[in-house]
Amino acid sequence: MKAMRKILFVLAFLAAAGTMAYSGFQIFNVLSDRHESSSANEKLQEQAVIAAEEQQQKIIHYNVKLPQNEWTDADNTEETEQPAETAPVRVNFEYLHGINEDVVGWVYCENTPISYPFLQSPDNDYYLYRLVDKTQNPSGSLFLDFRNKSDMSDWNSIVYGHNMQDGTMFACLNEYKKQEYYDEHPVMYLLTPDKQYKVELVAGILAKADASFYDFPVPEEDREEVVSGWLEDSTFQTKVQIQPDDRFVTLSTCSYEFDDARYVVIGVLRELEK
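One structure accompanies this document, and this report is about it. (Residues numbered from 1 in each chain as written. Predicted model: local features only at pLDDT ≥ 70, side-chain atom pairs only at ≥ 80, totals over all residues. Heavy atoms only, no water.)

Section: the sheet that holds strand E9 (residues 248–254)
Applicable threshold: Two strands qualify as a pair provided DSSP detects at least 2 bridges between them. Labels follow the DSSP assignment, with helices taken as runs of H or I lasting at least four residues and strands as runs of E lasting at least two, numbered in each case from the N terminus. Working convention: axes come from line fits to C-alpha atoms, limited for helices to the stretch in contact. Angles between N-to-C directions cover 0 to 180 degrees. By definition, residues are in contact when any of their heavy atoms lie within 4.5 Å.
If you trace the eight strands once around the closed barrel, you get E3-E4-E5-E6-E9-E10-E8-E7, paired in mixed fashion. The sheet shows a mean angle of 30° between the axes of neighbouring strands, taken without regard to direction. When strand E6 (residues 156–160) meets E9, the two strands line up parallel, connected through five bridges. Residue pairing for E9: Ser157 is matched across the bridge by Val249. The sheet strands contacting helix H5 (residues 223–233) are E6, strand E8 (196–208), E9 and strand E10 (261–272), and the helix crosses E8 at an angle near 70°.

Some words on the environment of Asn124
Rules: The term polar contact refers here to a pair of N or O atoms within 3.5 Å; inside protein, the definition further demands a hydrogen-donor-capable atom paired with an acceptor-capable atom, and it admits residues adjacent in sequence only when both atoms are side-chain atoms.
Tracing the sequence through the fold places Asn124 in the loop between strand E4 (115–119) and strand E5 (142–144). Each C-alpha atom of the pair Asn124 and Tyr160 lies 8.8 Å from the other, and the pair is 36 residues apart in sequence. One polar contact links Asn124 to Asp145, side chain to side chain, over a distance of 3.3 Å.

Observations concerning the packing of aromatic side chains
As a reminder of what qualifies: Ring pairs shown here join Phe, Tyr and Trp side chains whose ring centres sit within 6.5 Å, with only the six-membered ring taken for Trp; geometry is labelled stacked below 30 degrees between planes, edge-to-face above 60, and tilted in between. Categorising residues by exposure relies on relative accessible area from a 1.4 Å probe, with only protein chains included: less than 20% of the type maximum marks a residue as buried, more than 50% marks it as exposed, and the intermediate range marks it as partly exposed. Only when the NZ atom of a Lys or the CZ atom of an Arg is both within 6 Å of the ring centre and within 35 degrees of the ring normal do we say a charge sits over the ring.
For the coordinates displayed, the defined rule picks out ten aromatic pairs. For the ring pair Tyr160 and Tyr214, a centre distance of 6.2 Å and an interplane angle of 15° mean the geometry is stacked. With a gap of 54 residues between them, Tyr160 in strand E6 and Tyr214 in the loop between E8 and H5 connect regions that are remote in the sequence. Of the two residues examined, Tyr160 and Tyr214, each falls in the buried class. Each member of the aromatic cluster is reached from another via a ring pair, and the members are Phe143, Tyr160, Phe213 and Tyr214. Sitting over the face of the ring of Tyr126, Arg130 holds its NZ or CZ atom 3.9 Å from the ring centroid. The cationic tip of Lys177 hangs over the ring face of Tyr263; the distance from NZ or CZ to the ring centre is 5.3 Å.

Examining the pairing of E8
Within E8, ten of the 13 residues are buried, leaving the element largely enclosed by the surrounding structure. For strand E7 (residues 187–191) and E8, the ladder comprises five bridges, and the chain directions are antiparallel. Residue pairing in the sheet places Met188 in a bridge with Val199 of E8. The antiparallel hairpin formed by E7 and E8 contains four residues in its connecting segment. Two elements, E8 and E10, share twelve bridges in a ladder whose sense is antiparallel.

The following block contains the structure:
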């Protein structure tokens, strides 16, 4: 009997050890994948993105300063035209396309982790678990709905991204469930190879994965009612004025209040000087 107990104890110990070893291996894989994703995105940001202020400083540094004259001296009090608003960052799409031609844009939100390229493929599955260089990775990449035009010219363009536990990708979108977070981050910026936009956020919505704002396309006669529904269901309130000819971008990620929950943040695209 004692011998049998010892055998059972040893078997139970080995089973527990095996389970712990397997769990440890799984944890290592998860951490390794996250590190790979973070490193890849950090490299992209370092190589492809430059702050607009830094770029302007370089231009000033290398330009020859012209001497003042009667039209430009300090005594001239005539008001000068204010420079047009531009995005706070510039993106080198030539560099990004050297890695992957599927890159169609970059989304940026100041003082948040959001500063990523987004891609487009013939379906909404390919970049769900692939990095920008097409490497398999659970973190995936941000991607534009395959039904949308890649130049963001549709009435509503949808960009998807994972809600990662380490706070990367689109995880911080869920912070817009709080009014104070919106008040601190009311705008984002979206850049494409040809244009740049200021994204004035107008709604954040908790919904099911089959919610109507994933329908495409939205008939023109239904759009006013759709926008009214967005504003009514929003978790934050905004004073942004919406015009009949406005175009929108919807940023979508997972949420966990119920099965297949989604949280989306919707913004108006305001074209800026490039």
